[in-house]
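Chain residues, written in single-letter form:
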Amino acid sequence: MFVFRHGGRRAVASSLPSTLARRSYASRIDIPFTPPPVPVIEQCPSPTCQCRESPASLVIEREHNINGSMPMYAEQVLISTGRSDWPSKIDEDESEDSALVKKLRDLMLRNGKYSDPYHNVMLTNSSFPATESPAHQSKHSSTPAPESRSVPVSQPSKNPSIARDQDVPNTPPASAFLLPSFQYVPTIPTESSAVEAFVKAFLLPAQLHQSHEKLSRKEKNILLREPELQRAFIGARKIEEILVLICGHGNRDDRCGKLGPILQAEFEEKLQRQNVALLHDAPVAEAEIVDTAVEGYVPTARVGLISHIGGHKWAGNVIVYIPPSFSSNPLAGKGIWYGRVGPEHVEGIVGKTIMDGKVIKELFRGGIDSDRQIIRL
């Protein structure tokens, strides 16, 4: 109010009737200090070595506090497309890469059969290459292919959840990382009933929000996960590698389109300096179980560009996911969102966040843990 800005409490009291002026004011209540849920440092350390330059023409908003600007979500579906030139809206892509995202949108987003306002699912494209299924590979090879090890499919009459054929001939199965579940599903048929089975197996909540108590048992069962269906998706595995995701959606916003590839190269360089092995090839259909506790284990990481996640004005936008198997890292099983990341911040993020498990407060947009609890500072 105007009167508080010019004179404060005494000025207000002197201008009021005497009965009001004699009113006492409540004293300030001391709120007990609550420690942050994760280790925190205030600022990103200055780089100790040469780093790439940001384009001079970028206009980045630097006035507002970005703490808490992360969109709320329970699961991020990171679809492997092997490219980063997506159209502004990824579900309007006319290529075969959009088959999964279109069906997931229709099932899970607003007015979809499995739409749940208390369990938001974020659909994101990534530049990571998809796992090529042996069955699809055999259709494009002149040599006999080995026995298919992709998702087993049955006759629709026997198993309506996963049908035999694709809706569109020659459309390959999709691959996706699921976070913060930290699961990778290498082969997801894009036929409608198979996508619905994928949703019920991996994406629905294991427990409903208390606001759903008024629903009937039948209605509740529709919205609950059916984990037994996961067995149909052969090759699904836990994610053991660090994931660094950088918004590089140039057809949505020029700032991320220009800065994303620069940050990708910078992260790859700085991770290698920390003896973290980079993974560029598509994950295999059936990976061996990795024991990260064995002596001499070398951590691995994937660094990729992703589609729009909100906040282009705070480019570069970066998400770091540390797998649960990194048990000595305080951020194991968590995803940390950063904004206003420049090349000069990458060394600090790699050293402090990825290696030491500390959140950099000045860049922090939000975070999520493996229980889908939002991390706030």
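**Some words on the overall build of the protein chain**
- Within the protein chain, the regular secondary structure consists of 9 helices and 14 strands.
- Relative to its 377 residues, the protein chain shows a buried fraction of 48%.
- Across the protein chain, the fraction of contacts at a sequence separation of at least 24, relative to all contacts at a separation of at least 6, is 74%.
- Counting only carbon and sulfur atoms, one obtains 49% of the accessible surface of the protein chain, whose full area is about 19,800 Å².

**Considerations on the side chain of Asn317**
- Tracing the backbone shows Asn317 in the loop between strand 9 (300-306) and strand 10 (318-322).
- The exposure class of Asn317 is buried, given its relative accessible area of 1%.
- Within the structure, the side chain of Asn317 is placed 2.8 Å from the side chain of Arg365, a separation counted as a polar contact.
- In this structure, Asn317 is in contact with Leu245, Ile246, Cys247, Cys256, Ile309, Gly310, Gly311, His312, Tyr338, Gly339 and Arg365, ignoring residues within four places of it in sequence.

**Notes on the confidence of the model for the protein chain**
- Averaged over every residue, the pLDDT of the protein chain is 86; the share at 70 or more is 81%.
- Every residue in residues 1-14 is under pLDDT 50, and counting partners more than four places away or in other chains gives 5 contacts.

**Observations concerning the pattern of salt bridges**
- Counted by the stated rule, this structure contains 18 salt bridges.
- Across the pair Asp85 and Arg83 runs a salt bridge whose closest N-O atoms are separated by 2.7 Å.
- A salt bridge links Arg105 to Asp106, with the shortest nitrogen-to-oxygen separation between them at 3.1 Å.
- Residue Arg105 is classed as partly exposed on the basis of its relative accessible area of 28%.

**Description of the environment of Cys49**
- In this fold, Cys49 is placed in the loop between strand 1 (40-41) and strand 2 (75-80).
- Classification of Cys49 by relative accessible area gives partly exposed; the value is 23%.
- Cys49 sits 221 residues away from Lys270 along the chain, and the two C-alpha atoms are 9.9 Å apart.
- Once you skip the residues sitting within four places of it in the chain, Cys49 turns out to touch Lys270, Arg273 and Glu347.

**Focus: the packing of aromatic side chains**
- As enumerated under the stated definition, the model contains 7 aromatic pairs in all.
- Consider the rings of Phe182 and Tyr321, whose centres lie 5.9 Å apart with planes at 85°: the pair is edge-to-face. Of this pair, Phe182 sits in the loop between strand 4 (174-179) and strand 5 (183-188) while Tyr321 sits in strand 10; the two residues are 139 residues apart in sequence, bridging distant segments of the chain. For the pair Phe182 and Tyr321, a shared accessibility class is recorded, and that class is buried.
- Taken together, the aromatic side chains of Phe128, Phe177 and Tyr184 make up a single cluster linked through ring pairs.

**A word on the nonpolar core**
- Of all hydrophobic cores here, the largest spans 56 residues; its most connected members are Leu179, Val244, Leu245, Phe267, Leu271, Tyr321 and Tyr338.
- For this core, the element with the most residues is strand 7 (residues 242-247), which contributes 6 residues.
- Those residues in contact with Tyr321 that lie beyond four places of it in its chain are Tyr73, Gln76, Leu179, Phe182, Ile242, Leu243, Leu245, Lys334, Gly335 and Trp337.
- Of all hydrophobic cores here, the second largest spans 28 residues; its members include Ala174, Leu178, Leu229 and Ala232.

**Quick look at unusual backbone geometry**
- In this chain, Leu179 is followed by Pro180 through a cis amide linkage whose omega measures 10°.
- Structurally, Pro180 is set in the loop between strand 4 and strand 5.
- The omega angle of the peptide bond from Ala315 to Gly316 is -5°, so this bond is cis rather than trans.
- Of note, Gly316 is situated in the loop between strand 9 and strand 10.
- For Asn111, which is not glycine, the phi dihedral falls at a positive 70°.
- Take Asn111: it is sitting in the loop between helix 4 (99-108) and strand 3 (121-126).
- One non-glycine residue, Asn275, adopts positive backbone phi at about 60°.
- By relative accessible area, Asn275 is classed as exposed at 61%.

**Brief notes about the pairing of strand 7**
- Counting buried residues in strand 7 gives 6 out of 6 residues, a clear majority hidden from the surface.
- Of the two faces of strand 7, the one holding Ile242, Val244 and Ile246 and the one holding Leu243, Leu245 and Cys247 are both buried throughout.
- Where strand 7 meets strand 9, 6 bridges bridge the pair, whose relative direction is parallel. Bridge pairing links Ile246 to Leu305 in strand 9.
- Summarising the sheet, strand 7 and strand 10 pair through 4 bridges and their orientation is antiparallel. Paired with Val244 across the bridge in strand 10 is Val320.

**What about the state of the cysteines?**
- With the rule as written, the count across this model stands at 0 disulfides.
- With no disulfide of its own, Cys256 lies 3.6 Å from the sulfur of Cys247, the closest cysteine sulfur.

Parameters and conventions
Residues numbered from 1 in each chain as written. Predicted model: local features only at pLDDT ≥ 70, side-chain atom pairs only at ≥ 80, totals over all residues. Heavy atoms only, no water. Helix = DSSP H or I, 4+ residues; strand = E, 2+ residues; numbered from the N terminus. Buried < 20%, exposed > 50% of the residue type's maximum accessible area, 1.4 Å probe, protein only. Contact = heavy atoms within 4.5 Å. Areas by Shrake-Rupley, 256 points an atom, 1.4 Å probe, with all protein chains shown as cover. Polar contact = N/O pair within 3.5 Å; in protein donor to acceptor, adjacent residues only side chain to side chain. pLDDT = per-residue confidence, 0-100. Salt bridge = Lys/Arg side-chain N within 4 Å of Asp/Glu carboxyl O. Phe/Tyr/Trp six-rings, centres within 6.5 Å; stacked < 30°, edge-to-face > 60°. Core = buried A, V, L, I, M, F, W, Y, C linked by side-chain atoms within 4.5 Å. Pairing = 2+ DSSP bridges. Disulfide = S-S within 2.5 Å.

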